[in-house]
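# Descriptive analysis of the structure
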Amino acid sequence: MRKQIVAGNWKMNNDLAQTETLISSLKAQVKTSNAEVMIAPTATNLWHAYNSTKNAGIEVIAQNMHFAENGAYTGEISAAMLKSIGINTVILGHSERREYFNETDETLAKKVDAALAKGMRIIFCFGEELADRKSGNEENVVGDQIKKALFHLSAADFQNIVLAYEPVWAIGTGETATAEQAQDMHAFIRKTLADKYGNDIAEDVSILYGGSVKPANAEEIFSKPDVDGGLIGGAALNAEDFFGIVNAF
Ligand SMILES: O=C(CO)COP(=O)(O)O
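Residues numbered from 1 in each chain as written. Predicted model: local features only at pLDDT ≥ 70, side-chain atom pairs only at ≥ 80, totals over all residues. Heavy atoms only, no water.

Going by this rule: UniProt positions are given in the numbering used here, feature names are shortened, and annotations may be inferred rather than shown by experiment.
Per an unreviewed UniProt entry, the recorded name for the protein chain is Triosephosphate isomerase, and the organism is Pseudotamlana haliotis. In UniProt, the protein chain has this text filed under Subunit (unreviewed entry): "Homodimer."

Structure representation (structure tokens):
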């Protein structure tokens, strides 16, 4: 079953005290929602966030992980380590990881495999850059990113995959894809999945939109039939704004 999801990607923001404050504000705003609500604090605060959101209707998820089980990878965190502190979902392939940390489709495919092997759910991100969109190449770029990192998977694996379309030109820029641009790309993504795995799988996968989603534009974006939720950056750092978006469903 396709799920509606709103996930807050906190990126490298909020120390421990700020994490405590924001979680308290979020807990004060939670009410029964049609959407699953997730937050992705920075790694040092995952354990605290996990403990302070138990039974609060907010899932704590990770922003990244390494593909190896363990070993000589200074500074990295494995799927098993995340699982051991109660984290069952991980964001992979964010454009900032691709751009600043040289993550490639090939390394992402390994990360996807490692997360699935541990039974984790993945929010897999991809999206074109401005130059790709200006040259009309956005579908080729997005199709390639999906195929290279995910098309070695089995149909059953997609039960644990959520997709997040995040056009790079709309991240942190205040520039949002129009609801129509998001819908067109999400429909293309679903068709790409359907061509390989069949309609049932394609219809079941949740596809989130990310890129300058705010309370003011969330309702219109979420109203589109192939948009199943959002991956939220800046607006996730404020509890009212974040729940303004969650409540847009
Ligand atoms: O990158 C994003 C979420 O992962 C989107 O960030 P903004 O909402 O700040 O544009």
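Continuing now.
### Notes on the pairing of strand β7 (residues 207-210)
Heads up, the condition is: Only protein chains enter the accessibility calculation, which uses a 1.4 Å probe; a residue whose area is less than 20% of its type maximum is buried, one above 50% is exposed, and one in between is partly exposed. A run of H or I in DSSP counts as a helix once it spans at least four residues, and a run of E counts as a strand once it spans at least two, with each numbered from the N terminus. When DSSP locates at least two bridges between a pair of strands, those strands are taken to pair. The handedness of a crossover follows from its direction of travel: if, with the strands pointing away from the viewer, the path from the first strand over the helix to the second runs clockwise, the crossover is right-handed.
Covered by surrounding structure in β7 are Ile-207 and Tyr-209 together with Leu-208 and Gly-210, the residues of both alternating faces. As paired strands, strand β6 (residues 161-165) and β7 are joined by three bridges and run parallel to one another. Directly across from Leu-163, in β7, lies its bridge partner Ile-207. In terms of strand pairing, β7 meets strand β8 (residues 229-232) through two bridges, oriented parallel. Residue pairing across strands places Gly-210 opposite Leu-231, the latter belonging to β8. Handedness of the crossover is the feature at issue here: the chain leaves β7, passes through helix α10 (residues 215-222), returns alongside β8, and the resulting connection is right-handed.

### A short note on the site of the ligand
Under the convention used in this document: If even one non-hydrogen atom of a residue comes within 4 Å of a molecule or strand, that residue is called near it. For this analysis, a polar contact is any N or O atom pair within 3.5 Å, provided that within protein one partner can donate a hydrogen and the other can accept it, and provided that sequence-adjacent residues contribute only side-chain to side-chain pairs. For the accessible areas, the method is Shrake-Rupley and the probe is 1.4 Å, while residue cover comes only from the protein chains on display. For this classification, Asp, Glu, Lys and Arg are treated as charged, while Ala, Val, Leu, Ile, Met, Phe, Trp, Tyr, Cys and Pro are nonpolar and the rest, including Gly, are polar.
Near the ligand there are 13 residues, and of these Lys-11, His-94, Gly-172, Ser-212 and Gly-234 occur at the shortest range. A distance of 3.1 Å separates an oxygen atom of the ligand from a polar side-chain atom of Asn-9. A distance of 2.9 Å separates an oxygen atom of the ligand from a polar atom in the side chain of Glu-166. About the coverage of the ligand: the protein hides 96% of its 310 Å² of free accessible area. Partitioning the shell around the ligand into residue classes produces four nonpolar, seven polar and two charged.

### Concerning the UniProt feature "binding site: substrate" (unreviewed entry) in the protein chain
The cut-off we apply is this: Points on a 1 Å grid, built from protein atoms alone, make a cavity when a 1.4 Å probe fits but cannot get out and make a pocket when they are open with protein on both sides within 12 Å along at least 5 of 7 lines; residues with an atom within 4 Å of a point are the lining residues. Whether two residues are in contact is decided by their heavy atoms: any pair within 4.5 Å suffices.
Residues annotated by UniProt as "binding site: substrate" (unreviewed entry) correspond here to Asn-9, Trp-10, Lys-11, Gly-172, Ser-212, Gly-233 and Gly-234. A maximum C-alpha distance of 14.0 Å is found for the annotated residues, which run over 226 residues; spatially they form one tight group. The subset of these annotated residues that lines the largest pocket comprises Asn-9 and Lys-11. Assessed through its relative accessible area of 0%, Trp-10 is described here as buried. The residues contacting Trp-10, other than those within four sequence positions of it, are Thr-19, Leu-22, Ile-23, Leu-26, Ile-39, Ala-40, Pro-41, Gln-63, Ala-236 and Leu-237. When you line up the elements, Gly-172 lands in the loop between β6 and α8 (179-197).

### Let's talk about the nonpolar core
Using the following cut-off: What is meant by a nonpolar core is a set of buried Ala, Val, Leu, Ile, Met, Phe, Trp, Tyr and Cys residues, joined one to another through side-chain atoms within 4.5 Å.
In this structure, Phe-124, Leu-150, Leu-163 and Phe-242 are the most contacted members of the largest nonpolar core, which totals 66 residues. The element that contributes the greatest number of residues to this core is α8, accounting for seven residues. When sequence neighbours within four positions are dropped, the list of residues in contact with Phe-242 reads Val-6, Ala-7, Gly-8, Leu-26, Val-37, Met-38, Ile-39, Ile-232, Ala-235 and Ala-236. If you look at the next biggest cluster of nonpolar residues, it comprises twelve residues, including Ile-5, Ala-7, Ile-91 and Leu-208.

### Some points on the layout of surface pockets
Threshold: Grid points are joined across faces, edges and corners, and a volume is the space filled by probe spheres set on the points.
Considering only enclosed or pocket space, the largest pocket measures out at about 530 Å³ in volume. Residue contributions to the lining of the largest pocket peak at three residues, all from helix α4 (residues 95-100). Across the lining of the largest pocket, the residue classes tally to eleven nonpolar, six polar and four charged. By volume, the second largest pocket is sized at about 260 Å³. Met-1, Phe-158, Gln-159, Asn-160 and Asp-204 are, among the 14 residues lining the second largest pocket, the residues nearest its centre. Looking at the lining of the second largest pocket, the elements that each hand over two or more residues are β6 and α9 (199-204). Taken together, the residues of the lining of the second largest pocket break down into eight nonpolar, three polar and three charged.

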